[in-house]
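Next come the chains, spelled out residue by residue.
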Amino acid sequence: MRKEVVVAAALTATATVVVAAALLRQWKRKKQRQWRETQKILRKFARDCATPVPKLWLVSNALVSDMKACLASSGTITTLNMLVSYVAPLPSGDEEGFYYGVNLRGTNFLILCARLGGKNKPISDLYREEILIPSNLMAATSKELFDFVAVELGKFISEHPDGQADSAEKNKLGCIVSCPVDQAVVSHGTAIKWKSFSADSKVGKKLVSDFNQALEEHGVNLRVYAMVDDTVGNLAGGRYYNKESVAAVTLAMGTDAAYVEPADAALQWHGPSPKLGEMVISTQWGDCSSPHLPITIFDTCLDAESSNPGRRRFEKLISGMYLGEIVRRVLLKMAQETALFGDHVPSKLMTPYQLSSPDMAAMHQDASDDREIVGEKLTKVFGITSTSPRVREVVSEVCDIIAERGARLAGAGILGIIKKLGRIENKKSVVTVEGGLYEHYRVFRNYLNSSVWEMLGNDLSDNVVIEHSHGGSGTGALFLAASQMDMQNDEPDPDNDNDDPDSDNNDHDHDPDPDADT
């Protein structure tokens, strides 16, 4: 009897082993099948995002066509909404003196000061202070906001005074806004929609006037001579250091590009002829639309679910606001269809905009053994606690595909501007680039530079030079203050009631996208 029991137990154990082995083989086949599906999704996504040089030139040429159409539009609606900046002249590099600047942002503002030495000498005595805007002022009037800024400016000046200033003369203040706005200078302000705040005034000239009134009421010995977007400020900084600087690009949460255009090329110019026959145009290139853009199903879904479907397609491919979100959407599809992160889809992976571009950059640039940083970020951002090295490698590849596409498209946009100016073949052009994507995302920066080199080839690659902005965030306000100071005696008083900001000559009421803050 005991022998029969032993035999039965052995048979049972053998059967269990056989069943377990069969289940293991089935599990392995399932995992292999899922892995093949993961690779299939990855390869298709890479093909759809591909940016070979011929495609980049098609995108570049489309931007040129859009720019020309807008400049010739004389008020009719075009794809781009290029905004004339009444900022003339740009710095020459000879400006000297101590200047103050303000960089107005979405939820805070930056106050800074520095001394310019002229003759391309470095900035000295540079000080910055970032100040949070109280929540109750986010929906306040422009007067209330500027009153608050003026008070903080007064405190800042007391801590960083200009020892050589003449107390009888108002010091110079430049102001830049890190969101898309129509440009505003004292005498030629156009309508402004400041989307980051519920400001009561929509007219740029009146904003300048309100700011100056607040400064005067609070005893701040400063005067605003220019209020433009930060990309125009970056261009001013680039021109101060290099007279061959013709364009500036912002690559941050949002994106824009500004460039120097001959004044007679644009019908939108309504003021007197600018000095040196040139003006600055903020292209608003995020709205560039071309059938040659490498748009995937993930981009289409993101666009459809955004607050501005069908608009700013170019920006949604290259700016920091959206890069991490595309990564998340690709990983979600893999998690749902191939169980990349296990049998259950992580709940945080289904949350839109959960992945920021800095976290994406950290995963992409992870050179550690077995992509350890990728694993740490997956845990921190999505709550994914256990991943294999090959899964982490897939995550890194998705980041690489998206970063490469965005950077190379930005490079194509840069060459589109240079081509519009007719400078590719016979003139050297310097382009200033500012923003976290370019400054902190090393691989993104390398992909952008290499795309420009590939498109130009060996014979022309030296004609376009891309430089990082000088002095860092906000310093464009200082350069603008310096360049605009020479114009103050030629301009009418912005507070003069006879110069009506609401007249028919100021009817360019553009509506920039609130999601495009840079």
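Residues numbered from 1 in each chain as written. Predicted model: local features only at pLDDT ≥ 70, side-chain atom pairs only at ≥ 80, totals over all residues. Heavy atoms only, no water.

Colleague: Before we move on, can you summarise the overall build of the chain with the specific residues and values?
Modeller: Assigned secondary structure in the chain consists of 14 helices and 12 strands. Relative to its full complement of 518 residues, the chain shows a buried share of 56%. Within the chain, counting contacts between residues at least 6 apart in sequence, those at least 24 apart form 75% of the total. (Helix = DSSP H or I, 4+ residues; strand = E, 2+ residues; numbered from the N terminus. Buried < 20%, exposed > 50% of the residue type's maximum accessible area, 1.4 Å probe, protein only. Contact = heavy atoms within 4.5 Å.)

Colleague: Tell me about helix H13 (residues 442-460), residues and numbers included.
Modeller: Maximal helix bending in H13 amounts to about 60 degrees, located at glutamate 454. Along H13, the positions that sit buried rather than exposed are Val443, Phe444, Tyr447, Leu448, Asn449, Ser450, Ser451, Val452, Met455 and Leu456. (Bend = angle between axes of the 7 residues up to and from the residue.)

Colleague: Mind laying out the sheet that holds strand S9 (residues 255-262), listing which residues take part and the relevant values?
Modeller: Across the sheet, which stays open at both edges, the 6 strands sit in the order S1-S10-S9-S8-S11-S12 with mixed pairing between neighbours. The open sheet terminates on both sides in strands that have one partner only, identified here as strand S1 (83-85) and strand S12 (464-468). The sheet shows a mean angle of 25 degrees between the axes of neighbouring strands, direction not considered. Sheet analysis places S1 next to strand S10 (residues 278-282), joined by 3 bridges and oriented antiparallel. Its bridge partner being in S10, leucine 83 is matched across the sheet by serine 282. Across the sheet, helix H11 (residues 389-420) is in contact with strand S8 (245-251), S9, strand S11 (429-434) and S12; its angle to S8 comes to roughly 155 degrees. (Pairing = 2+ DSSP bridges. Axes fitted to C-alpha atoms, helices over the stretch in contact; angles between N-to-C directions.)

Colleague: Summarise the pattern of salt bridges; cite the residues concerned and give the values.
Modeller: For the coordinates displayed, the defined rule picks out 19 salt bridges. In this structure, aspartate 125 engages arginine 115 in a salt bridge whose closest nitrogen and oxygen atoms are separated by 3.6 Å. In this pair, aspartate 125 is assigned in strand S4 (residues 124-132) and arginine 115 in strand S3 (residues 108-117), connecting sequence segments 10 residues apart. Accessibility expressed as a relative area gives 40% for aspartate 125, which makes it partly exposed. Among the ionic pairs, lysine 420 bridges to glutamate 261, the shortest N-O distance being 3.1 Å. Of this pair, lysine 420 sits in helix H11 while glutamate 261 sits in strand S9, placing them 159 residues apart in sequence. Across this residue pair, the class does not change: lysine 420 and glutamate 261 are buried. It is possible to trace a salt-bridge network through shared partners that takes in Asp287, Arg311, Arg312 and Glu315. (Salt bridge = Lys/Arg side-chain N within 4 Å of Asp/Glu carboxyl O.)

Colleague: Which residues make up the packing of aromatic side chains, and what values go with them?
Modeller: In this structure the tally under the stated criterion is 10 aromatic pairs. Relative to tyrosine 241, the ring of tyrosine 240 has its centre 5.2 Å away and its plane inclined at 85 degrees; by these criteria the two rings are edge-to-face. Taking relative accessible area as the criterion, tyrosine 240 reaches 0% and is therefore assigned buried. Pairing tyrosine 240 with phenylalanine 479 gives two aromatic rings, centres 5.0 Å apart and planes at 35 degrees, and the pair type is tilted. Note that tyrosine 240 is positioned in helix H5 (residues 230-241) and phenylalanine 479 in helix H14 (residues 476-484), a separation of 239 residues in sequence. (Phe/Tyr/Trp six-rings, centres within 6.5 Å; stacked < 30°, edge-to-face > 60°.)

Colleague: Quick one: what's the story with the side chain of glutamate 261, residue by residue and with numbers?
Modeller: Under the relative-accessibility criterion, glutamate 261 is labelled buried at 2%. A distance of 3.1 Å separates the side chain of glutamate 261 from the side chain of lysine 420, its partner in a polar contact. (Polar contact = N/O pair within 3.5 Å; in protein donor to acceptor, adjacent residues only side chain to side chain.)

Colleague: Give a description of a negative patch on the surface that names residues and reports values.
Modeller: A grouping of Asp369, Asp370, Glu372 and Glu376 is seen on the molecular surface, where their side chains present a negatively charged patch. Note that aspartate 369 resides in the loop between helix H9 (357-364) and helix H10 (372-382). The exposure class of aspartate 369 is exposed, given its relative accessible area of 60%. (Patch = residues over 30% accessible without salt bridge, like charges linked within 9 Å, V, L, I, M, F, W, Y side chains within 5 Å. Areas by Shrake-Rupley, 256 points an atom, 1.4 Å probe, with all protein chains shown as cover. Lys, Arg positive; Asp, Glu negative; His and termini not counted. Charge placed at Lys NZ, Arg CZ, Asp CG, Glu CD.)

Colleague: Now, about the confidence of the model for the chain: what can you tell me, with residues and values included?
Modeller: In low-pLDDT segments, the atomic positions of the prediction should not be examined closely. Residues of the chain with pLDDT of at least 70 account for 77%, and the chain-wide mean is 80. Counting interchain partners and residues more than four positions distant, the pLDDT-below-50 stretch residues 180-203 has 110 contacts. Long-range and interchain partners of residues 488-518, a stretch whose pLDDT sits below 50, account for 72 contacts in this model, where long-range means more than four residues apart. (pLDDT = per-residue confidence, 0-100.)

Colleague: Account for H5, naming residues and giving values.
Modeller: Along its 12 residues, H5 runs 17 Å from first to last C-alpha, staying within 8% of the 16 Å computed at 1.5 Å per residue. For H5, the tally of buried residues reaches 12 of 12 residues, placing the bulk of the element in the interior. The complete set of buried residues in H5 reads Asp230, Thr231, Val232, Gly233, Asn234, Leu235, Ala236, Gly237, Gly238, Arg239, Tyr240 and Tyr241. Capping of H5 at its N-terminal end is provided by aspartate 229; its side-chain oxygen lies 3.0 Å from the backbone amide nitrogen of threonine 231. (Expected span 1.5 Å × (residues − 1).)

Colleague: Describe in detail the pairing of S8, supporting the description with residues and values.
Modeller: Most of S8 is tucked away, with 7 of its 7 residues classed as buried. For S8 and S11, the ladder comprises 5 bridges, and the chain directions are parallel. Bridge pairing in S11 links threonine 250 to glutamate 434. The pairing of S8 with S9 spans 5 bridges and is antiparallel. Of the residues in S9, the one forming a bridge with alanine 248 is alanine 258. Where S8 hands over to S9, the hairpin turn is made up of 3 residues, counted between the paired strands.

Colleague: Can you lay out the environment of serine 357 for me, pointing to particular residues and giving the numbers?
Modeller: Of note, serine 357 is situated in helix H9. The spatial distance from the C-alpha of serine 357 to the C-alpha of leucine 323 is 6.1 Å, given a sequence separation of 34 residues. Not counting chain neighbours up to four residues away, the residues in contact with serine 357 comprise Gly320 and Leu437.

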